[in-house]
Amino acid sequence: MSQDGPKTGRPPTRAPNGMISTSHYAASSSGLDALRKGGSAVDAAIAANATLCVVYPHMAGLGGDGFWLVKGPSDDDVRALNASGPAGRNATRDYYRDQGVGEIPPRGPLAALTVPGVVDGWRRVHEEYGKLDWSVLFEDAIHHAREGTSVARSVADWLLKDVPELTEHPSSGDIFLDDGRPRSEGEIMVQEDLADSLELIAEEGARGGFYEGGIAKRIVEDLGERGSPLVEEDFAEFTADWVEPLSTTYRGYTAYEFPPNTQGFAALQILNLIEGFDVESWGDGTADYYHHLAEAVKVAFADRDEWLTDPDFVDIPLDRLTSKEYADKRRELIDSSSALDMVEVEPGIKFDSSDRRADAGGDTCYFCAVDDDGLAVSAIQSIYHDFGSAVVGGDTGIIMQNRGSFFSLDKKHPNRLEPGKRTFHTLIPAMLCENGEPRLVYGTMGGEGQPQTHAAMVTRLVDFGYDVQQAIEAPRWLMGRTWGTESRDLSLEGRISDEVIRELRTRGQPTKPLTDWNDNMGHAQAILIDDETDWLEGGADPRGDGAALGH
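Residues numbered from 1 in each chain as written. Predicted model: local features only at pLDDT ≥ 70, side-chain atom pairs only at ≥ 80, totals over all residues. Heavy atoms only, no water.

Q: Would you take a moment to explain the pairing of strand S3 (residues 65-71) for this structure?
A: The two faces of the sheet receive side chains in turn, since in a regular strand these alternate between them. In terms of burial, S3 is largely enclosed, as seven of its seven residues are buried. The two faces of S3 match: Asp65, Phe67, Leu69 and Lys71 on one face and Gly66, Trp68 and Val70 on the other face are all buried. Sheet topology note: the S3/strand S13 (residues 376-384) ladder contains seven bridges and is antiparallel. Residue pairing across strands places phenylalanine 67 opposite isoleucine 380, the latter belonging to S13. Both S3 and strand S4 (residues 79-83) contribute to a ladder of five bridges, which runs antiparallel. The partner of leucine 69 across the bridge, within S4, is alanine 80. (Buried < 20%, exposed > 50% of the residue type's maximum accessible area, 1.4 Å probe, protein only. Helix = DSSP H or I, 4+ residues; strand = E, 2+ residues; numbered from the N terminus. Pairing = 2+ DSSP bridges.)

Below, the structure written as structure tokens:
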């Protein structure tokens, strides 16, 4: 990987000893502080995530889920930690029908039906890879919550859009709105209740402070009175799980993604599909490049939408779906001169379901870290929609995620609601290894866009030789719906030329031009480990408020 790409708005960050990259500069600062104190990459990632819960409350929070890929110097292979919580024991399809709803509402207490998994994820990964004391990891987050944080641009933009939802649900509106007015960029926002919850977790741990203690009790007592099916036992019985990651090869590298209940196999399918083409010959930014990547997305998403759910409830044929042989067969659907209709693409392997199409939007924070021991971390965390369910549990200051609203009430659907089941997720941290050693940790927020941006970053680094910042900043596309939209357009950032868009239209692509640097394309972060010098090269997305920091 060289630096053959276009000039970017900022250079990559390079450092020899450790690095953190997140979507908010304050979170990156928290992670760097942990590294400088002698902490591991896991310590840095937990500290950064805790700060994100304060400074990026529309995307991250203690009431959400998380997924981790980790590779330590003594680990035989990449490890995956699933910190996504299941539906509560009382969350049945009949329960929701008795509430008079035909589908689970995206906002409000009825949307808060899954256990937040992120905090127990921190516990489990810290037990195995942490160096610093647990309580130290929350010092910055507590300070930002109690003393106030400056409202970032992305937060301000989403507050403006979400005034109706926050007004309808005053438990969150009272925190994020000022007498009904959305807070502006640069305004100071204090979250005292959230500071108290973070302090309790820091002092009593994930189990004593959150899942088996006062936080869970106060959440369920408040939300239960308002219709949420969650009970204290749901929290007390939950633990994050170590699972086996999925992988495939791409031009000499091994690409790792997260298994179901999230969409990592779709990202691997896209790589398998495009590996059969001479990507370098297309050139980056050409109609050929965007057309073939969009077609690969359509083919992969047909299988994703058919099968993705909790593998404890459905036997998903992952070996076949991610095989090179299957990709060879599915690649025959891709025509270089004409576009498939995304809605009409059939899955290669059928599941008997009545409505398989997904609406995989959501707001998320991706972050990654590498330390001087060679421990590499790729992690992602979310409360699903912007500001999640828009309800805060009691006096905890914690916004509950609405990930459970993604469940179907159709008994024939693979992602049908069942107690104790984890729902279809879009969150996918990623890692690229060479000869068993990490070379790239990477990922992005953005729902449907996550597998697509993974493909963009891998092709631009591996096929075109970009550095990480160039790969992040290059114009991006998004095939399909994003949150808040119903159309299945090929959205293209405005820096893509009119001539390229014209050519894509002649091939039948449903193009939709966007602004030059569009938030819907996600906030990507990445760290490259140089295989010759072991120096680190980090990048952060200018579409967000982040930074890559190293020492």
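Q: Explanation requested: the nonpolar core in the structure shown.
A: Nonpolar side chains in soluble globular proteins generally cluster together in the buried interior. Leu62, Trp68, Trp122, Phe138 and Phe235 are the most contacted members of the largest nonpolar core, which has 84 residues in total. For phenylalanine 235, the residues in contact, after removing those within four places along its chain, are Val115, Pro116, Arg207, Phe210, Tyr211, Ala216, Ile219, Val220, Leu230 and Met400. Leu268, Leu321, Ile334 and Phe406 belong to the second-largest nonpolar core, a separate cluster that totals 64 residues. (Core = buried A, V, L, I, M, F, W, Y, C linked by side-chain atoms within 4.5 Å. Contact = heavy atoms within 4.5 Å.)

Q: Sorry if this is basic, but what is going on with the packing of aromatic side chains here?
A: Evaluation of the coordinates by the stated rule reveals 19 aromatic pairs. Ring geometry for tyrosine 290 against tryptophan 477: centres 6.0 Å apart, planes inclined by 70°, an arrangement best described as edge-to-face. Of this pair, tyrosine 290 sits in helix H14 (residues 287-307) while tryptophan 477 sits in strand S16 (residues 477-479); the two residues are 187 residues apart in sequence, bridging distant segments of the chain. Each member of the pair, tyrosine 290 as well as tryptophan 477, is classed as buried. Members of the aromatic cluster, connected to one another through ring pairs, are Tyr289, Tyr290, Phe464, Tyr466 and Trp477. It is arginine 79 that lies over the ring of tryptophan 242; its NZ or CZ is 3.9 Å from the centre. Its guanidinium or amino end placed over the ring of tryptophan 158, lysine 161 lies 4.2 Å from that ring's centre, counting from NZ or CZ. (Phe/Tyr/Trp six-rings, centres within 6.5 Å; stacked < 30°, edge-to-face > 60°. Lys NZ or Arg CZ within 6 Å of the ring centre and 35° of its normal.)

Q: Just to check I follow, could you spell out the pairing of strand S11 (residues 253-257) for this structure?
A: Within S11, four of the five residues are buried, which leaves the element mostly enclosed by the surrounding structure. Here five bridges tie strand S10 (residues 246-250) to S11, and the two strands are oriented antiparallel to one another. Paired with tyrosine 250 across the two strands is tyrosine 253, which belongs to S11. What sits between S10 and S11 in their antiparallel hairpin is a turn of two residues, with arginine 251 showing a positive phi close to 50°. Sheet topology places S11 next to strand S14 (residues 430-434); three bridges connect them, and they run antiparallel. Paired with alanine 255 across the bridge in S14 is leucine 432.

Q: What is the right way to read the state of the cysteines from this model?
A: When the sulfur atoms of two cysteines share a covalent bond, that bond is a disulfide. Within the structure shown, the criterion is met by zero disulfides. For cysteine 53, which is in no disulfide, the shortest distance to another cysteine sulfur is to cysteine 365 and amounts to 8.1 Å. Free cysteine: cysteine 433, not disulfide-bonded; nearest cysteine sulfur from cysteine 368 at 14 Å. (Disulfide = S-S within 2.5 Å.)

Q: What exactly am I supposed to notice about the sheet that holds strand S17 (residues 490-492) here?
A: Strand pairing within a sheet occurs via backbone hydrogen bonds; the two strands may be parallel or antiparallel. One open sheet accounts for three strands, arranged S16-S17-S18; its pairing is mixed. Each of the sheet's edge strands pairs with one partner strand only, and the pair in question is S16 and strand S18 (511-513). Pairs of neighbouring strands in the sheet enclose a mean axial angle of 20°, with direction left out of account. As judged from the three bridges shared by S17 and S18, these two strands associate in the parallel manner. Its bridge partner lying in S18, serine 491 is registered against lysine 512. Set on the sheet, H14 makes contact with S16 and S17; between it and S16 the angle comes to about 35°. (Axes fitted to C-alpha atoms, helices over the stretch in contact; angles between N-to-C directions.)

Q: Where do I start with the side chain of serine 408 in this structure?
A: Mapped onto the fold, serine 408 is located in the loop between S13 and S14. On the accessibility criterion, serine 408 (16% relative accessible area) is buried. Once residues within four sequence positions are removed from consideration, serine 408 is found in contact with Arg93, His413, Asn415, Arg416 and Leu417.

Q: Explain the pattern of salt bridges to me, please; I cannot follow it from the model alone.
A: Close approach of charged atoms allows side chains with opposite charge to pair. Taken as a whole and judged by the stated rule, the model has 43 salt bridges. A salt bridge links glutamate 127 to arginine 123; its shortest N-O distance comes to 3.0 Å. Of this pair, glutamate 127 and arginine 123 both sit in helix H4 (residues 118-129), four residues apart, which is roughly one turn of that helix. We classify arginine 123 as buried; its relative accessible area is 17%. A salt bridge links lysine 298 to glutamate 295, with the shortest nitrogen-to-oxygen separation between them at 2.6 Å. Within this pair, lysine 298 and its partner glutamate 295 are both found in helix H14, separated by three residues, close to a single helical turn. Each member of the pair, lysine 298 together with glutamate 295, is buried. Because the salt bridges share partners, they merge into one network encompassing Asp120, Arg123, Glu127, Arg207 and Glu212. (Salt bridge = Lys/Arg side-chain N within 4 Å of Asp/Glu carboxyl O.)

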